[in-house]
Amino acid sequence: MEPLIKHAQRFQIIEKEGYSVISIDKPWQGSSAPIKYLLYEDSLPAVLKSDPSYVKVKIPVQRVVCNLTTQLAFMEELGVQNRLIGFAQTQYIYSPDLAKDVEAGRIREVGPDGSLDIESILDLNPDIVLAFNASGENRQLQKLQELGLTVVMNAGYMETSILGRFEWIKFLGRLTGKYEEASEIFDQKTIIYDSLTQLVVGKDSPSVITGTLYGGTWFMPAGDNYGANLIHTAGGNYLWSKNETSGWLSMDFESVFEKGYDADYWIGAASYTSLDQLMEADERYAEFEAFKNGNVYSYMARVNESGANDYFESGAVNPEKLLADHIKILHPELLPDYELYYYMKLQ
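## Some details on the pairing of strand 2 (residues 19–24)
The buried count for strand 2 comes to six of six residues, which makes it a mostly enclosed element. Burial of strand 2 is two-sided: the residues Tyr-19, Val-21 and Ser-23 facing one way and the residues Ser-20, Ile-22 and Ile-24 facing the other way are all buried.

## Quick notes on the packing of helix 9 (residues 226–233) against helix 14 (residues 319–330)
The interhelical angle for the contact between helix 9 and helix 14, taken along N-to-C directions, is 55°, at an axis separation of 9 Å. In terms of axis orientation, helix 9 runs oblique to helix 14. As for the relative orientation of helix 9 and helix 14, their crossing is right-handed in sense. For the pair helix 9 and helix 14, contact is made by Leu-230, Ile-231 and Thr-233 and by Leu-322, Leu-323, His-326 and Leu-330, respectively. Looking at the contact of helix 9 with helix 14 residue by residue, the class counts come to five nonpolar, two polar and no charged.

## A word on the nonpolar core
With 59 residues, the main nonpolar core has Phe-11, Tyr-37, Val-57, Leu-130, Ile-169, Phe-171 and Leu-175 as its most contacted residues. The leading source of residues in this core is helix 2 (residues 70–78), at five residues. Apart from the residues lying within four places of it in its own chain, the contact partners of Leu-130 are Val-64, Val-65, Cys-66, Asn-67, Gln-71, Val-152, Asn-154, Phe-171, Leu-172 and Leu-175. Residues Val-208, Leu-249, Leu-323 and Leu-334 belong to the second largest nonpolar core, which totals 51 residues.

Criteria and thresholds
- Residues numbered from 1 in each chain as written.
- Predicted model: local features only at pLDDT ≥ 70, side-chain atom pairs only at ≥ 80, totals over all residues.
- Heavy atoms only, no water.
- Buried < 20%, exposed > 50% of the residue type's maximum accessible area, 1.4 Å probe, protein only.
- Helix = DSSP H or I, 4+ residues; strand = E, 2+ residues; numbered from the N terminus.
- Axes fitted to C-alpha atoms, helices over the stretch in contact; angles between N-to-C directions.
- Parallel < 35°, antiparallel > 145°, perpendicular 65-115°, else oblique.
- Left-handed = near helix turned anticlockwise from the far one by under 90°.
- Contact = heavy atoms within 4.5 Å.
- Nonpolar A, V, L, I, M, F, W, Y, C, P; charged D, E, K, R; others polar.
- Core = buried A, V, L, I, M, F, W, Y, C linked by side-chain atoms within 4.5 Å.

Given below as C-alpha cells:
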C-alpha cells in the first residue's frame, strides 16, 4: 500500500478499523519521545480508552485554539477557518478575512505565544489547542493539559523541505474531517511544484547567500534546512549546502563575508525593504557583490499595516509559489511572465 505521508518526515498516519493514529517522532526541537494521537469519531474500545500511550482526540474537531500562523492558511485552504476561536498574537494575522473575525470578536486573543492566557483559553473551551513549541518543555501547555484540555503538537516547522512542511495540511485535514480535501490539495500543488523543478534541470547554478545580522550574529539556514533545500531545488548554489545539519547556523559577519562576499544573489535579507535601509543597519552589507549588483531580495512583498507578513502565514500552503519566486530570482528567463509573490527586490 502506498504510504499516506510521502514527503513529511516528522509524522505518519496509520489507519485502523474505527480509528487512526498520528505519530509525531519529535514534537519539538531536542525532544526524544514521540507522541501518538489516537483519532476517533464515535467511541473507542475499552482497551484503547485506558491505554496511556495515546492522546485521544475525538474528531472532527470544531473548536480550535492555535498559536501557529501556518495553520491559519491551512484552515482557510480547507474551508474550516470558522472553527478557529482563539489565537495567540492576533496582530500577526495577515488574512483579511481572519483579521475581520478578530475585530468582530469571533476569534479571541489568547495572549503572546510565550505567555498564553490560560484563563481565556479555558473560557473558550476548545476541542483542541493546536500548538507548536520551539524547544524544551512548555509549562503553559503542560498546565492546559493538567486542566483537562487536549493539546495537539505540530512539528511541521522542523521539516527539511517545503513539501514536507506543506504535507502537514493532511495532519490538520485528519483532525478536522477534511483529509480527502487536504490530500487533493497537496497532490494538485505538488504536480505544479514538480513541473517547476524540471525547468532548472541542466541550468547553471548561481551562488547564493541568505540571512542578516541579528544582535551581532548572522543567522542562516544549515545545509539540510528547508531554506537551503529550496535554493538548491530552484537551481541555486547555496554556499553552506555542505553543512549536513537541518537547523540554523550562527556566524559572525567576517565568516559570512569571507565565504559569500562575491555571491551572485542574496535571498532572504530579513525584513529590510530597501538597500538604503540595509546599509543603514550595517554599512558593511554594501561590500557584498550581490549588494553592489542590486541582487538582494527580501520576503517583504506581502506585509499589512499591522506588520503581519503573509510569507510566514500562507507560505507553507503555497510551496509552488515559493519555488517559483526563487526560480524567477535565479533564472528569470525561465518564467518571463511570472511576478514575484512573497519576495521583493530591494531598490
